[in-house]
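Here's the letter readout for the chains.
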Amino acid sequence: MNIMDFNVKKLAADAGTFLSRAVQFTEEKLGQAEKTELDAHLENLLSKAECTKLWTEKIMKQTEVLLQPNPNARIEEFVYEKLDRKAPSRMNNPELLGQYMIDAGNEFGPGTAYGNALIKCGETQKRIGAADRELIQTSAINFLTPLRNFIEGDYKTITKERKLLQNKRLDLDAAKTRLKKAKVAEARAASEQEVRITQSEFDRQAEITRLLLEGISSTHAHHLRCLNDFVEAQMTYYAQCYQYMLDLQKQLGSFPSTFLSNNNQSSTTPVQSVSSPSVLASTSASLPSVSNSMVTSGLSELKSSSGSRKARVLYDYDAANSSELSLLADEVITVYSIPGMDSDWLMGERGNQKGKVPITYLELLN
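This write-up is about the structure you can find in this document.

### A word on the overall build of the chain
In terms of helices and strands, the chain carries 10 helices and five strands. Burial statistics for the chain: of 366 residues in total, 32% are counted as buried. Put simply, of all contacts in the chain between residues at least 6 apart along the chain, 66% involve residues at least 24 apart. Roughly 23,500 Å² of accessible area belongs to the chain as shown, and the carbon and sulfur atoms make up 56% of that amount.

Right, here's the structure in full:
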């Protein structure tokens, strides 16, 4: 019975406090009651916290989009994370493309130029896919998780304490309003005591909130370290991808123009590689390919002379008719020019066999 009476009294007191706050808040909005303003330092800290929360959320969400562009995959990962279960492993886009290329290359024949190139490209795409997985995992641990911990942890605590501060302020201002309205000395004494108590509670809560908000500077410092980790992870990823493509370029050499040119273009149209100027400047010494000027010079010299040169075959070539010579990748043949021959062809000899060969399949040897 006593416990029930205590609960009823507590419920009535809570209801009274809630009603008092609601009345005070409404009168403030209507301009009928005075409001205790927070000091400028605390207001600045509150503004800084809100700004930090806003931009942290935006950066976190856009980073998730960058690392996983597929929204359905992001939703699936979110659900599995909330269920505390591991999401099923699936091929990412580079791995899937790589597998398609390998399957196509095997279908066309690993011994053909196109099939062999597809297989090599597919293997490189799979390596890029593995590097992509590593980037996602590293970024999630070192960058996204700290940002999420701030949003779901620290900032929630700040929001809770800020709400308590707002309630304590309403209690203080409501007590001040009652003191102004008190006419009887006994009522004034009780109101003054209430103002002192609510002022003390407000000051204590303001100090707690201030200490939490001042921790935002430490949060910025922590997020700066996490940002450095993210940049390092990206740098590692792009460096790996660049190295993989350099290795692929070494394997492929120069593609025959018959593969690279569009259907409505001449086979003699040069195909230019696209690279960042800064990357080319720093890595030109290590690139394996021979410059176009050197190749053109060697071919022009060969065509203008009556001599012959050795040439390495870059890709398999099946003769279209009896006037042409079939070629095998990596074999070395003798080539020379005949007056009146088409500029895209040379005469090739291998033992007792000879016939026309396309110059784009050849690499002239010194």
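There is more to say after this.
### Brief notes about the nonpolar core
Core analysis: the largest hydrophobic core is formed by 25 residues, its most contacted members being Leu327, Ile333, Val335, Val357 and Leu362. If you list the elements that add at least two residues to this core, you get helix 5 (113-181), helix 7 (216-252), strand 1 (308-313), strand 2 (332-336) and strand 3 (345-350). Setting aside chain neighbours within four positions, we find Val357 in contact with Leu325, Leu327, Ile333, Val335, Asp344, Trp345, Leu346, Met347, Gly348 and Leu362. Counting 18 residues, the second-largest nonpolar core is a separate cluster that includes Leu38, Leu45, Leu179 and Phe202.

### Notes on the sheet that holds strand 3
The antiparallel open sheet is built from five strands, whose spatial order is 4-3-2-1-5. Pairing within the sheet leaves two strands with one partner each, and these edge strands are strand 4 (353-358) and strand 5 (362-364). In this sheet, neighbouring strand axes are inclined to one another by 40° on average, regardless of whether the strands run parallel or antiparallel. Alignment of strand 1 against strand 5, held across three bridges, turns out to be antiparallel. Across the sheet, Arg312 pairs through a bridge with Glu363, a residue of strand 5.

### Thoughts on unusual backbone geometry
One non-glycine residue, Asp330, adopts positive backbone phi at about 80°. Checked against the element boundaries, Asp330 lands in the loop between strand 1 and strand 2. On the accessibility criterion, Asp330 (55% relative accessible area) is exposed.

### A look at the packing of helix 5 against helix 7
Axis separation between helix 5 and helix 7 bottoms out at 9 Å; the angle between their running directions is 175°. When the interaxial angle is binned, helix 5 and helix 7 end up roughly antiparallel. Of the residues assigned to the contact of helix 5 with helix 7, the class counts are 21 nonpolar, 10 polar and six charged.

### Remarks on the packing of helix 2 (residues 40-67) against helix 7
Here helix 2 crosses helix 7 at 15°, and the two axes come no closer than 12 Å. Put simply, helix 2 runs roughly parallel to helix 7. Judged by the twist between their axes, the crossing of helix 2 over helix 7 is left-handed. On the side of helix 2, the interface is formed by Lys48, Ala49, Thr52, Thr56, Thr63 and Leu66, while helix 7 contributes Ile216, Ser217, His220, His223, Phe230 and Gln234.

### Overview of the pairing of strand 4
As paired elements, strand 3 and strand 4 share six bridges and run antiparallel to each other. Looking at the pairing, Trp345 lines up with Pro358 of strand 4.

### A look at the pattern of salt bridges
The final tally for this structure, using the stated rule, is 12 salt bridges. A salt bridge links Glu57 to Lys53, with the nearest nitrogen and oxygen atoms 3.5 Å apart. Here Glu57 pairs with Lys53, and both are found in helix 2, just four residues apart, close to one helical turn. For Lys53, a relative accessible area of 25% translates into the label partly exposed. Across the pair Glu214 and Arg210 runs a salt bridge, and its minimum N-O distance is 2.6 Å. You can see Glu214 and its partner Arg210 sitting in helix 6 (residues 185-214), four residues apart, about one turn around the helix. Relative accessible area serves as the criterion here: at 31%, Glu214 is assigned to the partly exposed category. Given the relative accessible area of 21%, Arg210 is considered partly exposed.

### Quick notes on the side chain of His223
With respect to the secondary-structure elements, His223 resides in helix 7. For His223, a relative accessible area of 12% gives the class buried. Excluding its chain neighbours within four sequence positions, the residues that come into contact with His223 are Thr56, Pro146, Leu147 and Phe150.

### What about helix 2?
Between its first and last C-alpha, helix 2 extends 40 Å over 28 residues, near the 40 Å set by a 1.5 Å rise per residue. Of all the positions in helix 2, only Leu42, Leu45, Leu46, Ala49, Thr52, Thr56, Met60, Thr63 and Leu67 are classed as buried. Its buried side turned inward, helix 2 meets helix 5, helix 6 and helix 7. With a side-chain oxygen lying 3.1 Å from the backbone nitrogen of His41, the N-terminal cap of helix 2 falls on Asp39.

### A few points about a nonpolar patch on the surface
Together, Leu54, Trp55 and Ile59 make up a nonpolar patch on the protein surface, roughly 300 Å² of accessible area in all. By secondary structure assignment, the location of Trp55 is in helix 2. When its relative accessible area of 46% is taken as the criterion, Trp55 is described as partly exposed.

Conventions and cut-offs
Residues numbered from 1 in each chain as written. Predicted model: local features only at pLDDT ≥ 70, side-chain atom pairs only at ≥ 80, totals over all residues. Heavy atoms only, no water. Helix = DSSP H or I, 4+ residues; strand = E, 2+ residues; numbered from the N terminus. Buried < 20%, exposed > 50% of the residue type's maximum accessible area, 1.4 Å probe, protein only. Contact = heavy atoms within 4.5 Å. Areas by Shrake-Rupley, 256 points an atom, 1.4 Å probe, with all protein chains shown as cover. Core = buried A, V, L, I, M, F, W, Y, C linked by side-chain atoms within 4.5 Å. Pairing = 2+ DSSP bridges. Axes fitted to C-alpha atoms, helices over the stretch in contact; angles between N-to-C directions. Parallel < 35°, antiparallel > 145°, perpendicular 65-115°, else oblique. Nonpolar A, V, L, I, M, F, W, Y, C, P; charged D, E, K, R; others polar. Left-handed = near helix turned anticlockwise from the far one by under 90°. Salt bridge = Lys/Arg side-chain N within 4 Å of Asp/Glu carboxyl O. Expected span 1.5 Å × (residues − 1). Polar contact = N/O pair within 3.5 Å; in protein donor to acceptor, adjacent residues only side chain to side chain. Patch = residues over 30% accessible without salt bridge, like charges linked within 9 Å, V, L, I, M, F, W, Y side chains within 5 Å.

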